[in-house]
Amino acid sequence: MSQTCGFVAIMGRPNVGKSTLMNHILGQKISITSRRPQTTRHQVMGIKTEGDAQFVYVDTPGIHALEKDRDKAINRFMNQAATQALRDVDCVVFIIDRTRWTPEDQNVLERLATVTAPVILAVNKVDRINDKSTLLPWLEEVSGRRDFAAIVPVAAKHGTNVAELEAEVAKHLPESVHFFPDDQVTDRSLRFMAAELVREKIMRQLGDELPYQMTVEIEEFREDGAITHISALIMVERQGQKKILIGDRGERIKSIGRDARLELERVVGTKIMLNLWVKVKRGWSDDDRALKSLGYDLD
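Residues numbered from 1 in each chain as written. Predicted model: local features only at pLDDT ≥ 70, side-chain atom pairs only at ≥ 80, totals over all residues. Heavy atoms only, no water.

1. Concerning the sheet that holds strand β4 (residues 91–97)
Read from one edge of the open sheet, 6 strands run β2-β3-β1-β4-β5-β6, paired in mixed fashion. Strand pairing shows two members of the sheet lacking a second neighbour, β2 (44–50) and β6 (150–153), which therefore form its edges. Strand after strand, the sheet turns through a mean of 25° between neighbouring axes, direction not considered. Docked against the sheet, helix α1 (residues 18–26) engages β1 (4–11), β2, β3 (53–59) and β4, running at close to 30° with respect to β2. (Pairing = 2+ DSSP bridges. Helix = DSSP H or I, 4+ residues; strand = E, 2+ residues; numbered from the N terminus. Axes fitted to C-alpha atoms, helices over the stretch in contact; angles between N-to-C directions. Contact = heavy atoms within 4.5 Å.)

Here you go:
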């Protein structure tokens, strides 16, 4: 039997469950998650090989409208990263949230207008629909918005119907040799994942207090036998944001560090010595040169 292999872009507006879906498909965390919109800032590949089939999923930042104070370089970068993922893909999974259709969903749909690859609509979080009788009429209504290759109701967090979604995707994988070793699960390095996991813990602890203009840069990632030394720089734009991150007597930054260290030990498989630093760099999120130096680069 011949091998199949293809690239699958996971698209949608912010906070619809794109990263949760990919993590469930892979059976492990590759993309960070939180309730905060636009948690994902980069394209992240998740690779799943089952027998002769290799799926290369591309988790993307949520596409959002650029307006007012949010029209910063980092927002433009995230939209470009999401749109770039559509180039040369073999299939697109377009995720929406239950029976809601927002202007941002429409924005994503319009960006998909020129895509020739088949688009599968995944209606996520159906477990949260109180009146299940509304689902079928909604699926019939939404089917008129585009000629979708398939429409699959899912609950990504719990894995409901995810296997059915994967089966639909598999129909569109072209015959090809596998692009990655069968045991590889992502294209991203441990250094990148360390920065993302620290950022995830910050987002989960701070919630609405979170400074939107916050990023994490790994300054040191050094393996020393059974211990991995990691130094992470947390960058914000204002002094007041730094105080929020550090917390009273440094308790908040210590708590963030504990949570990040425990998860990093599970991911890296060694004991972690983690040092966190907070630095104020005004205007970094709207400075193309600064963004490039921090790894926000599409090249």
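2. Considerations on the side chain of Thr 228
Mapped onto the fold, Thr 228 is located in strand β8 (residues 227–236). Separated by 2.7 Å, the side chains of Thr 228 and Thr 270 make a polar contact. What Thr 228 contacts, discounting residues up to four positions off in sequence, is Phe 221, Arg 222, Glu 223, Val 268, Thr 270, Lys 271, Ile 272 and Met 273. (Polar contact = N/O pair within 3.5 Å; in protein donor to acceptor, adjacent residues only side chain to side chain.)

3. Regarding the pairing of β6
Bridging between strand β5 (residues 119–124) and β6 involves 4 bridges; their strand directions are parallel. Bridge pairing in β6 places Ala 122 opposite Val 152. Taken together, β5, helix α4 (residues 135–142) and β6 form a β-α-β motif whose crossover is right-handed. (Right-handed = clockwise from strand over helix to strand, strands pointing away.)

4. Brief notes about the pairing of strand β7 (residues 215–224)
The side chains of a regular strand alternate, residue by residue, between the two faces of the sheet. Pairing analysis gives 9 bridges linking β7 to β8, with the strands arranged antiparallel. Opposite Thr 215, over in β8, you have Met 235 as the bridge partner. Hairpin geometry of β7 and β8 is characterised by an intervening segment of 2 residues between the two adjacent antiparallel strands and by a positive phi of about 65° at Gly 225.

5. Some remarks on the environment of Leu 245
Note on placement: Leu 245 falls in helix α7 (residues 239–246). Take Leu 245: its relative accessible area is 0%, and that puts it in the buried class. When the C-alpha positions of Leu 245 and Val 278 are compared, they lie 7.8 Å apart, and in sequence the two are 33 residues distant. (Buried < 20%, exposed > 50% of the residue type's maximum accessible area, 1.4 Å probe, protein only.)

6. Quick word on the sheet that holds β7
Strand order in this open sheet of 3 strands is β7-β8-β9, and the pairing throughout is mixed. Lying at the two open borders of the sheet, with one neighbouring strand each, are β7 and β9 (271–280). Taken pair by pair, the neighbouring strands of this sheet meet at an average axis angle of 15°, ignoring direction. Relative to β9, α7 is tilted by about 155°, and along the sheet it contacts β8 and β9. Seen against the sheet, helix α8 (residues 251–268) touches β7, β8 and β9 and runs at an angle of roughly 135° to β9.

7. Comments concerning the packing of α1 against helix α5 (residues 162–170)
Running from N to C, α1 and α5 point in directions that differ by 85°, and their axes come no closer than 11 Å. Judged by the angle between their axes, α1 and α5 are roughly perpendicular. Along its contact with α1, which presents Leu 21, His 24 and Ile 25, the element α5 presents Val 162, Leu 165 and Glu 166. Looking at side-chain class alone, the contact of α1 with α5 contains 4 nonpolar, 1 polar and 1 charged residues. (Parallel < 35°, antiparallel > 145°, perpendicular 65-115°, else oblique. Nonpolar A, V, L, I, M, F, W, Y, C, P; charged D, E, K, R; others polar.)

8. Let's talk about the environment of Asn 124
Inspection of the secondary structure assignment puts Asn 124 in strand β5. Every residue in contact with Asn 124, bar those within four places of it in the chain, is listed here: Val 16, Gly 17, Ile 95, Ile 96, Asp 97, Arg 98, Val 154, Ala 155 and Ala 156. Polar contacts involving the side chain of Asn 124 include one to the main-chain carbonyl oxygen of Val 16, which spans 2.8 Å.

9. Points about the pattern of salt bridges
Tallied over the entire structure, the rule returns 16 salt bridges. Two residues, Asp 97 and Arg 100, come together in a salt bridge whose shortest N-O distance is 3.6 Å. With a closest N to O distance of 3.5 Å, Asp 97 and Lys 125 form a salt bridge. Pair noted here: Asp 97 is in strand β4 and Lys 125 is in the loop between β5 and α4, with a separation of 28 residues, a long-range link. (Salt bridge = Lys/Arg side-chain N within 4 Å of Asp/Glu carboxyl O.)

10. A word on the nonpolar core
Membership of the largest hydrophobic core comes to 27 residues, with the highest contact counts inside it found for Leu 21, Tyr 57, Val 93 and Leu 165. With 4 residues, α1 is the largest single contributor of residues to this core. Excluding its chain neighbours within four sequence positions, the residues that come into contact with Val 93 are Val 8, Ala 9, Ile 10, Met 11, Leu 21, Ile 120, Ala 122, Leu 165 and Val 169. Residues Ala 194, Ala 195, Ile 253 and Ile 272 belong to the second largest nonpolar core, which totals 25 residues. (Core = buried A, V, L, I, M, F, W, Y, C linked by side-chain atoms within 4.5 Å.)

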